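Letter by letter, the chains look like this.
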Amino acid sequence: MVDKTLSESACSVGWGDYYEKTGQRPPRPTVMRALDAFDCVGLPEGAMAADLGCGSGRDLVEIHRRGWPVQAIDASPEAIDCLLHLENSIPSAQIYPQLARYEDMNLLPCDLINASFSLPLCPPENFSGVWQKILAALKAGGRFSGQLYGEHDSWFGREGMTFHTRTQIDGLLSELEVEFLEEEEDDSVTPRGASKHWHIFHIVAKKL
């Protein structure tokens, strides 16, 4: 079963408590897949990554450890505070925090855009524009890694969240080469202990 810890953050209060519970967990497998693929050929010239919904930095730290400068984007001031602390503790850090909602973010051209369990928190009316912004920012050969929620998820219909069918997922990825796509459904609990049915698409895809 794949770790799903970022998902509950948009639906509950207490960001600080959430980050305390999840911040020390390992990076997600999707971002590891993307980073490993880049490692096979070496870091791109002028490499730049972005971590959308970076939270406490659990993926960002691994991206940076692999030698990437990282645009760290989150709408939570507490998340940015966490990253400023990280920036002071990592030697030669190249972390560029940005406090912004996805529809307002400014993305530099990227070789890697990671969005672990964060894009479902984008409201449906803004999702298409945000996705186009992601595609436009990806350089040729660049990769997207992250998760989207399916229509069987028990949170389906929650205000301010976006869900997709498999057909819609295929449409979103039509401009990319899909390197990994796993559809997962299972029952488990959230970081706060609530029972939940999950329907998740785990994605790594490359811009041609």
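Residues numbered from 1 in each chain as written. Predicted model: local features only at pLDDT ≥ 70, side-chain atom pairs only at ≥ 80, totals over all residues. Heavy atoms only, no water.

Draft legend 1. Main features of the packing of aromatic side chains. The full count for this structure, using the stated rule, is 7 aromatic pairs. Relative to W131, the ring of F127 lies with its centre 6.3 Å away and its plane at 10 degrees, an arrangement referred to as stacked. With F127 and W131 both in helix α5 (residues 124–137) and 4 residues apart, the pair spans about one turn of that helix. As far as the burial class goes, F127 and W131 line up, both buried. Taken together, Y149, W155, F156, F163 and W198 form an aromatic cluster joined through their ring pairs. Positioned above the aromatic ring of W155 is the side chain of K196, whose terminal nitrogen or guanidinium carbon lies 4.3 Å from the ring centre. (Phe/Tyr/Trp six-rings, centres within 6.5 Å; stacked < 30°, edge-to-face > 60°. Helix = DSSP H or I, 4+ residues; strand = E, 2+ residues; numbered from the N terminus. Buried < 20%, exposed > 50% of the residue type's maximum accessible area, 1.4 Å probe, protein only. Lys NZ or Arg CZ within 6 Å of the ring centre and 35° of its normal.)

Draft legend 2. Structural view of the environment of F144. Within the element layout of this structure, F144 appears in strand β5 (residues 138–149). Looking at F144, the relative accessible area reads 0%, which means it is buried. Not counting chain neighbours up to four residues away, the residues in contact with F144 comprise I113, A115, L119, W131, I134, L138, I203, V204 and A205. (Contact = heavy atoms within 4.5 Å.)

Draft legend 3. Quick look at the pairing of strand β2 (residues 70–74). In terms of burial, β2 is a largely internal element, 5 of the 5 residues being buried. Burial along β2 is two-sided: V70, A72 and D74 and Q71 and I73, pointing in opposite directions, are all buried. In this sheet, β2 lies alongside strand β1 (residues 49–52) in parallel orientation, the contact comprising 4 bridges. From the neighbouring strand, L52 faces β2, where its bridge partner is I73. (Pairing = 2+ DSSP bridges.)

Any functional reading would require information beyond the geometric quantities listed.
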